[in-house]
Amino acid sequence: MIDRERPGYRRLVLAMLLLVYTFNFLDRQILGILAKPIQQDLGLDDAQFGAIGGIAFALLYSCLGVPLALLADRVGKTKVIGASLVVWSAFTALCGVAGNFWHLFLYRLGVGVGEAGGVAPSYALIADYYPIERRARALAVYSMGIPIGVAFGVLLGAYIAALINWRVAFMIVGIAGIVIAPFFLWLVQDRPHPAPVAAVERTPLFAVFPILAAKPAFWLMALGAGCSSLAGYGLALWVPKILMLRFDWGLITVGQFMGSLLLIGGASGVFLGGVLADRLGRGDRGWYVKLPAYAWLVTAPTFALGLLSPSPMLAWACLLIPNALNIMWLGPINTAVQNLAPPQMRASASGAFLFINNLIGLGIGPWLLGAISVGLKAQYGDDSLRYAAIIGVGFYVVAAVLGLLAVRSLRRGWIEQPA
């Protein structure tokens, strides 16, 4: 029997959640590095590939996130996370046998179904194990799964596709996820909540939504994060192809370029966001949203400069900054959202937030940049995708404005919670 209260166990829980989240983004974003070979093989234009990268994944991912989060609050968070890992990994492997647009669209739909049950319960499980003064940092460590997963996705995807083909890349990462699922379920257990069980069971199924909806901070943070994700997911899908076209690179070169950016910039930025939010937020809860807003303001111009840079070295230096800052919000804002509702509704609150964030970011971002690229194709040729991406970074400015507007209402709506 595992002692859930022994020193070090919560670090094991966090490490396993980080591993699962790494696979979440590895499976989700490996599509970006494989854009060129997949489009050539299946005959897809930028708008079609953008739909596969965005709408196909987000359609059920966004809609099922809330009911699966509610289920996790009732049947157990680890059970939902483990089962979700198996489902999304299996559909990732199936992407390797896709023969046309609709095959790949449906398999990516399945990846989204699985991943819908992974994130919100993980946020809530971390909140169960970590007190508020360390929670943003813990959520930031968990969120490092994004840059690590995307980095390994582009590196593994590039090497496997270059040495074998893009289909095998999907199969390998999908099977690997299925293999780690039983280890996760064996090692990670839910922590009994300090609230009496009967009180949790009496909580109405959808009680969390009126609580959140009555707080302007929730809507402003969800829409702000959604605008950031719109730009972020769109860029994650298309920047590898933009670099390949701009510098005439092969898969391995662009994989190494993107992988180094994400591991150095992304991982350091998301961790720093959690550390700073915990420190600054002790005196003023408004810093949990002010910090991301300031980061987004710097992200927009530096991303544009990187995309316009004439040399690879200058592009890397410019792109390092926004790759650190654009996901700095993950620890702070996810912590803030969980403190807008009572403790027994943590997973449900995260699910409601993720529904809005993913519907805007994942559902629209990749497709929108691809559609803009198609519209600019006649005028700019191969540069159309780059200019579409530059237009897309403007959404970071919108995110910053919404974040700054949320500061006062976050202070008013914050609910102090036990660990």
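The shown structure was predicted, so the numbers you read here are calculated from the model rather than taken from an experiment. (Residues numbered from 1 in each chain as written. Predicted model: local features only at pLDDT ≥ 70, side-chain atom pairs only at ≥ 80, totals over all residues. Heavy atoms only, no water.)

J.: In this structure, what is going on with helix α20 (residues 394–405)? I would like to understand it.
T.: Along an α-helix, a turn takes 3.6 residues, which lines up residues three or four apart on a common side. With twelve residues, α20 should reach 16 Å at 1.5 Å per residue; the first-to-last C-alpha distance of 18 Å fits that figure. Buried residues of α20: Tyr396, Ala399, Ala400, Leu402 and Gly403, and no others. Angular distribution of buried residues about the axis of α20 spans 170°; they occupy a single face of the element. (Helix = DSSP H or I, 4+ residues; strand = E, 2+ residues; numbered from the N terminus. Expected span 1.5 Å × (residues − 1). Buried < 20%, exposed > 50% of the residue type's maximum accessible area, 1.4 Å probe, protein only. Arc of directions from axis to C-beta.)

J.: Mind showing me how you'd approach the packing of helix α15 (residues 287–308) against helix α17 (residues 330–338) here?
T.: How two helices sit against one another is set out by the angle between their axes and by the gap between those axes. At their nearest, the axes of α15 and α17 sit 8 Å apart, and the two run at 145° to each other. Crossing hand, α15 versus α17: left-handed. Packed against α15, whose contacting residues are Tyr288, Val289, Leu291, Pro292 and Trp296, the element α17 presents Pro332, Ile333, Thr335 and Ala336 at the interface. Each residue belonging to the contact of α15 with α17 can be placed in one class, and the counts come to eight nonpolar, one polar and no charged. (Axes fitted to C-alpha atoms, helices over the stretch in contact; angles between N-to-C directions. Left-handed = near helix turned anticlockwise from the far one by under 90°. Contact = heavy atoms within 4.5 Å. Nonpolar A, V, L, I, M, F, W, Y, C, P; charged D, E, K, R; others polar.)

J.: So what exactly am I meant to see when it comes to the confidence of the model for the protein chain here?
T.: Do not read the fine detail of predicted coordinates wherever pLDDT is low. The predicted model of the protein chain has a mean per-residue pLDDT of 87, with 94% of residues at 70 or higher. Mean pLDDT across the elements of the protein chain ranges from a minimum in helix α11 (residues 197–201), with 42, to a maximum in α20, with 97. With pLDDT under 50 throughout, residues 195–205 is counted as low confidence; its partners more than four residues away or in other chains account for eight contacts. (pLDDT = per-residue confidence, 0-100.)

J.: It is not clear to me how the packing of helix α8 (residues 132–143) against helix α9 (residues 145–163) should be interpreted in this structure. Could you clarify?
T.: Closest axis-to-axis distance for the α8/α9 pair is 5 Å, and the angle between their directions is 10°. The orientation of α8 relative to α9 falls into the category roughly parallel. Contacts between α8 and α9 involve Val141, Tyr142 and Ser143 from the first element and Gly145, Ile146 and Pro147 from the second. (Parallel < 35°, antiparallel > 145°, perpendicular 65-115°, else oblique.)

J.: What should I look at first to understand the pattern of salt bridges in this one?
T.: Between side chains of opposite charge, pairing is possible as soon as their charged atoms come close. Under the criterion given, the structure shown has eight salt bridges. Of the charged contacts in the structure, one is a salt bridge between Asp46 and Lys241, with a shortest N-O distance of 3.0 Å. Of this pair, Asp46 sits in helix α3 (residues 46–53) while Lys241 sits in helix α13 (residues 216–247), placing them 195 residues apart in sequence. Residues participating in the shared-partner salt-bridge network are Asp284, Lys290 and Arg411. (Salt bridge = Lys/Arg side-chain N within 4 Å of Asp/Glu carboxyl O.)

J.: What exactly am I supposed to notice about the environment of Pro301 here?
T.: Structurally, Pro301 is set in helix α15. Measuring from C-alpha to C-alpha, the distance between Pro301 and Phe57 comes to 29 Å, with 244 residues separating the pair along the chain.

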